[in-house]
Amino acid sequence: MSGPRGLRIVTELPAYHAAAAQLPVTAVPLDPAGSAQVRGALVVVPGVGPWWRGILAARDAGAAAAIVADPVTVPPEAVDALDMPPDIPVIVERPRLRPDVAADALSGREDGPTLISIEAAAASAGFEAVLRDAVGWARTLAGAPDVPPALRSAAATPHGRMALLDAGLPGGAVPVSVLAAVLQGKRCGGLVRVLALGTVRTEVTIDQPAGLARVQRSTADGGLVAPARFEASARLALRRAAAACADSREVSDLRELLLDAAVVSAMSSA
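Right, let's walk through the structure included here. (Residues numbered from 1 in each chain as written. Predicted model: local features only at pLDDT ≥ 70, side-chain atom pairs only at ≥ 80, totals over all residues. Heavy atoms only, no water.)

### Points about the nonpolar core
In terms of nonpolar packing, the biggest core is built from 35 residues, with Ile116, Ile118, Trp137, Val176, Val178, Val194 and Val204 touching the most fellow members. Of all elements in the fold, only helix H5 (99–106), strand E6 (115–123), helix H6 (127–141), strand E8 (160–167), strand E9 (174–183), strand E10 (190–197), strand E11 (201–207) and helix H8 (253–269) reach the threshold of two or more residues within this core. At 8 residues, H6 tops the list of elements feeding residues into this core. Discounting chain neighbours no more than four positions away, the residues touching Val194 are Ile116, Ser117, Ile118, Trp137, Leu141, Thr202, Glu203 and Val204. Counting 24 residues, the second-largest nonpolar core is a separate cluster that includes Val43, Trp51, Trp52 and Val90. (Core = buried A, V, L, I, M, F, W, Y, C linked by side-chain atoms within 4.5 Å. Buried < 20%, exposed > 50% of the residue type's maximum accessible area, 1.4 Å probe, protein only. Helix = DSSP H or I, 4+ residues; strand = E, 2+ residues; numbered from the N terminus. Contact = heavy atoms within 4.5 Å.)

This is the structure in structure tokens:
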């Protein structure tokens, strides 16, 4: 199991207490009790409210790393506050854009897709976060994770969003269609379905209410369904944070979140 032995976790979120209990060698959960405990610890910041202030406060208190748990919104204040990235690893838990599922989706592709189609749906309270993750899938599958998709056209209504994007590097951009619907009621989680076409057909289905994350690949030789991922999103985030602390590796989660948020903002104001 990667990560430093006994990494202290400061969190109030039950999902992270449960995840830490499943990583007894790597993680030791604590209750937050001031900066003395935060120093040298991994701080989990809830993704509701001004979560960016929680990151900066953890950094200022001497935290070793931070996790943002499924940020709901990324307003202009967050972008301004994080203009200079914190000098600690920041893992962003995005349950609908998990790194392990993304790796499964990219596996077996020898060339990039020629077309990407994305459908998404969520209740209004979580719609922005689901749409951000959908845009992140376009960026990921186009093979240019550091390049935000360019907005070609968009239409925004109270009931959803439609957009046409160009994802990938200039000169080799992939057209991406996005259709996202706002669901009625107060359902938790969201739905994302991604279809990348080319010599390999890759279909990704994320159904949070059903607990489903499925990757299917099809070629001229047949089809393959990737093994199911049963690890909880919070546990995966803890393992990634522990690895980042142990290896002093650079983490691009926060930068990628801001890239996707900028595209969603442009889609919503079109």
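Back to the text.
### Regarding unusual backbone geometry
Trans peptide bonds make up most of the peptide bonds, and negative phi angles are found at most residues other than glycine. Of note in the backbone geometry, Asp70 takes a positive phi value of approximately 45° without being a glycine. Tracing the chain through its elements places Asp70 in the loop between strand E4 (65–69) and helix H4 (76–81).

### A word on the sheet that holds strand E3 (residues 42–46)
Strands sit in the order E2-E1-E3-E4-E5 across an open sheet of 5 strands; the sheet is parallel. Taken across any chain shown, the strands that pair with only one partner, and hence form the sheet edges, are strand E2 (27–30) and strand E5 (90–93). Neighbour-to-neighbour, the strand axes of the sheet open up by a mean angle of 25°, direction not taken into account. Both E4 and E5 contribute to a ladder of 4 bridges, which runs parallel. The partner of Ile67 across the bridge, within E5, is Ile91. (Pairing = 2+ DSSP bridges. Axes fitted to C-alpha atoms, helices over the stretch in contact; angles between N-to-C directions.)

### Some points on the packing of H5 against H6
Where H5 contacts H6, the two axes come as close as 11 Å, and the packing angle between them is 40°. Classed by the angle they form, the pair H5 and H6 counts as oblique. Crossing of H5 against H6: the hand is right-handed. Residues Val101, Ala102, Ala105 and Leu106 of H5 touch H6, and the partners they reach there are Trp137, Thr140 and Leu141. (Parallel < 35°, antiparallel > 145°, perpendicular 65-115°, else oblique. Left-handed = near helix turned anticlockwise from the far one by under 90°.)

### Section: the sheet that holds strand E12 (residues 212–219)
Spatial ordering of the open sheet is given by E7-E8-E9-E6-E10-E11-E12-E13, a layout of 8 strands whose pairing is mixed. With one partner strand each, in any of the chains shown, strand E7 (150–157) and strand E13 (222–225) form the two edges of the open sheet. Ignoring strand direction, the axes of neighbouring strands in this sheet form an average angle of 10°. The strands touched by H6 within the sheet are E6, E8, E9, E10 and E11, with E6 carrying the most contacts at an inclination of about 165°. Relative to E7, H8 is tilted by about 50°, and along the sheet it contacts E7, E8 and E9.

### Examining the environment of Pro148
Structurally, Pro148 is set in the loop between H6 and E7. Overall, the relative accessible area of 34% leaves Pro148 in the partly exposed class. Taking C-alpha positions, Pro148 is 24 Å from Gly189, a pair spaced 41 residues apart along the chain. Filtering out sequence-adjacent residues up to four positions away, Pro148 remains in contact with Leu259 and Val263.

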